[in-house]
Amino acid sequence: MAVLNPPRSLPGLGRAVINFLIESRRLWTEEELIEAFKPPGLNDSSTAPDGIKNTLLAFRTIGMLSLDSGVITLTDTATNSGTTLSPAKFRRALQIHALNLDRDGDPWRTVPGEGHTSGARDLARALSWFLAQDAIGRPLSWTDNVQTLQQAQFPGQSNETWAITNDTRWGAFGRWALALGMASPSPVRAKPGLVPLPIVAIDDVLDELPAGQIPVGDFLNRLATKLPVLHGGLVRTSLATSLTGGDPDPGITQDCVDSSVGQALRVLEDRGRLVFDTLPDADGVRLSRFDSSRRTHVTLIGEGKDELAR
C-alpha cells in the first residue's frame, strides 16, 4: 500500500472519520463507514465512494486506523488523548504517523515492488524532495517546473526514480503536504502552485520544545529529528545522496540554512514565536543566502507543550 496511490485520499476527511469513531459508541464496518460518509442518493456515480475508500486505505497505511474482520478501529497511537482531535492535534498526529521511520526505515533505500511503496515511504520521499527546492523561487506546479526539476536532479532517464512520478500523484501530494503543514499555497494568484515553506509544521514542533535559549545548531538538529524530511534529517540526507548533484537547495549550496527552513523561521520570528541572537565567540549560521550576519542562538518564546507521542 501507499499514501499517494490511491490518489483520492483526503486528509481532512480522515480527521472527520477519526473524530466520528472517537465519539461513536459502537463498532463500524468498512462498508458502514463508506455509506455513512457517502450516503446513497447523494451521488450515484460509480466513483463517488472513492474519496472515503481511498482515505480509509491511506489512514490504515500510516497506522491511524486498522481493519480487523471487516471492522475499522482506531489505533492506540491515534487516540492516546481519548478525546476528539483539534485541527492542530490531528495535524501533529498526522506528521508523527506519516514520518514514522521505525516503521518505514530510510525510504530512499528500498527495493522495487511493495517495499518501495509500503507504509508512507512514497510520501516521505516526495516531501523530502519538495522541501529541498528553493523556497524563494517560483511556486512548484506539475506543468511549470516539477517535471523539469526532477528530470535535471535525478539520475537516469526513467521517471520511476523520481520522488513524484506523475501528475495524479502530484495532486494527491499537494493535499497531504498542506494538511501536514509542510507547504504553503502560492501567495500570487498569477503564479499558482505550492511553496516549500513548512511554517505550520515547524510551529507545531515548537510547541513540544522547552522555552529558553539554545545554540542554533542544537535547535536545527531538534527540528530535523522531529521532522526528518527537513534538512539534516535522515530522509533528506538520504535524498541528497540519490541526486546527481547532491542537495539542490540554494541555501545549502551557499553554506546557509536550507531555504525552506530559513524562510519559515523568519516568518515565525516575525510572529513572535522565537528570537534569534548573535553572541560573541559562538558558532552560527546565516538564515538566508542574502544575509551577511550569522545567528548563533535561538530563544523559544512561551512554554512547550507535552508531546503527543514519544
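No experiment lies behind these values; they were computed from the predicted model shown.

(A) Spotlight on the packing of aromatic side chains. All told, the structure shown has eight aromatic pairs when counted by the stated rule. Each ring, one from F59 and one from F90, has its centre 6.1 Å from the other, and the planes form 20 degrees; the classification is stacked. Placement of the pair is F59 in helix 3 (residues 50-61) and F90 in helix 4 (residues 87-98), with a sequence separation of 31 residues. Note on accessibility: F59 and F90 belong to one class, buried. Taken together, the ring pairs connect F20, W28 and F37 into an aromatic cluster. The ring of W28 carries R26 above its face, with NZ or CZ at 3.7 Å from the centroid.

(B) Region of the structure containing the sheet that holds strand 1 (residues 28-29). Taken in spatial order, the three strands of this open sheet run 1-3-2, and their pairing is antiparallel. At either end of the open sheet lies a strand with only one pairing partner, and these are strand 1 and strand 2 (65-68). Where strand 2 lies against strand 3 (residues 71-74), four bridges are found, and the strand directions are antiparallel. Bridge assignment links S66 to a residue of strand 3, and that residue is T73. Sheet contacts for helix 3: strand 2 and strand 3; angle to strand 2, the most-contacted strand, approximately 100 degrees.

(C) Local environment of empty space enclosed by the protein. All chains considered together, the criterion is met by two cavities of 30 Å³ or more. Approximately 30 Å³ is the volume found for the second largest cavity. Lining the second largest cavity are I136, S259, Q263, L287, S288 and R289. Of the residues assigned to the lining of the second largest cavity, the class counts are two nonpolar, three polar and one charged.

(D) The environment of A179, seen in detail. Assignment of secondary structure puts A179 in helix 9 (residues 167-179). When the C-alpha atoms of A179 and P40 are compared, they prove to be 28 Å apart, with 139 residues separating the residues in sequence. Residues contacting A179, with those up to four places away along its chain left out, are P11, R91 and L94.

(E) Region of interest: the sheet that holds strand 7 (residues 274-277). Judged by pairing direction, the sheet is antiparallel, and its three strands sit side by side in the order 6-8-7 without closing on themselves. Looking at the sheet topology across the chains shown, the edges are occupied by strand 6 (212-215) and strand 7. Pairwise comparison of adjacent strand axes, ignoring direction, gives a mean angle of 25 degrees for this sheet. Judged from the four bridges that link them, strand 7 and strand 8 (residues 297-300) form a sheet pairing that is antiparallel. Across the sheet, the residue bridging to V275 is T299, located in strand 8.

(F) Up close: the pattern of salt bridges. According to the stated counting rule, one finds 15 salt bridges in the structure shown. One salt bridge in this structure joins R91 and D204, with 2.6 Å as the shortest N-O distance. With R91 in helix 4 and D204 in helix 10 (residues 199-206), the pair connects residues that are 113 residues apart, well separated along the chain. In this structure, R91 and D204 share a single accessibility class: buried. The partner of R289 in a salt bridge is D134, with the nearest N and O atoms 2.9 Å apart.

(G) Spatial organisation of the environment of R175. In this fold, R175 is placed in helix 9. With a relative accessible area of 31%, R175 lands in the partly exposed category. Taking the C-alpha atoms as reference points, R175 and G12, separated by 163 residues in sequence, lie 8.9 Å from one another. Those residues in contact with R175, other than ones at most four positions away along the chain, are P7, R8, S9, L10 and P11.

(H) Quick look at helix 4. Along its 12 residues, helix 4 runs 16 Å from first to last C-alpha, staying within 8% of the 16 Å computed at 1.5 Å per residue. Within helix 4 the residues assigned to the buried category are F90, R91, R92, A93, L94, Q95, H97 and A98.

(I) Structural detail: the packing of helix 10 against helix 11 (residues 216-226). Helix 11 packs onto helix 10 with a crossing angle of 105 degrees between their chain directions and a minimal axis gap of 10 Å. With respect to helix 11, the element helix 10 is oriented roughly perpendicular. Here helix 10 contributes I202, V205 and L206 to the contact with helix 11, which in turn contributes F219, L223 and K226. Per-class residue counts for the contact of helix 10 with helix 11 are five nonpolar, no polar and one charged.

(J) Structural view of the confidence of the model for the chain. When pLDDT is averaged along the chain, the result is 91, and 95% of the positions lie at 70 or above. Across the chain, the secondary-structure element scoring lowest on mean pLDDT is helix 6 (residues 114-117), at 64, and the one scoring highest is helix 10, at 98. Long-range and interchain partners of residues 304-310, a stretch whose pLDDT sits below 50, account for 14 contacts in this model, where long-range means more than four residues apart.

Definitions and cut-offs
Residues take numbers from 1 onward in each chain, read along the sequence in its written order. Reporting of local features is limited, given that this is a predicted model, to residues whose pLDDT is at least 70; pairs of side-chain atoms are given and counted only at 80 or more, and all residues count toward the totals for whole chains, interfaces and linings. Only hydrogens and water are removed before side-chain values are computed, so all heavy atoms of the structure are retained for them. Side-chain rings of Phe, Tyr and Trp, where Trp is taken by its six-membered ring, are said to pair if the distance between their centres is within 6.5 Å; with planes under 30 degrees apart they count as stacked, over 60 as edge-to-face, and otherwise as tilted. A run of H or I in DSSP becomes a helix once it reaches four residues, and a run of E becomes a strand once it reaches two; helices and strands are each numbered from the N terminus. Each residue's exposure class comes from its accessible area (1.4 Å probe, protein chains only) as a fraction of the maximum for that residue type: buried when under 20%, exposed when over 50%, partly exposed otherwise. Put simply, a charge is over a ring when the Lys NZ or the Arg CZ is close to the ring centre, within 6 Å, and near the line of the ring normal, within 35 degrees. Two strands qualify as a pair provided DSSP detects at least 2 bridges between them. Contacts were defined at the residue level, with two residues in contact if any of their heavy atoms lie within 4.5 Å. An axis is simply a line fitted to the C-alpha atoms; with a helix, the fit covers only the stretch in contact. Between two such axes, the angle follows the N-to-C directions and lies from 0 to 180 degrees. We place a 1 Å grid over just the protein atoms. Points where a 1.4 Å probe fits but has no way out form a cavity, open points with protein on both sides within 12 Å along at least 5 of 7 lines form a pocket, and any residue with an atom within 4 Å of a point lines it. Grid points are joined across faces, edges and corners, and a volume is the space filled by probe spheres set on the points. Here the nonpolar group is Ala, Val, Leu, Ile, Met, Phe, Trp, Tyr, Cys and Pro; Asp, Glu, Lys and Arg are the charged ones; every other residue, Gly included, is treated as polar. We count a salt bridge whenever a side-chain nitrogen from Lys or Arg sits within 4 Å of a carboxyl oxygen from Asp or Glu. Working rule for helices: expected span equals 1.5 Å times residues minus one. Any angle that falls under 35 degrees is termed roughly parallel, while one over 145 is termed roughly antiparallel, one within 65 to 115 roughly perpendicular, and all others oblique. Per residue, pLDDT captures the predictor's confidence, and it can take any value from 0 to 100.

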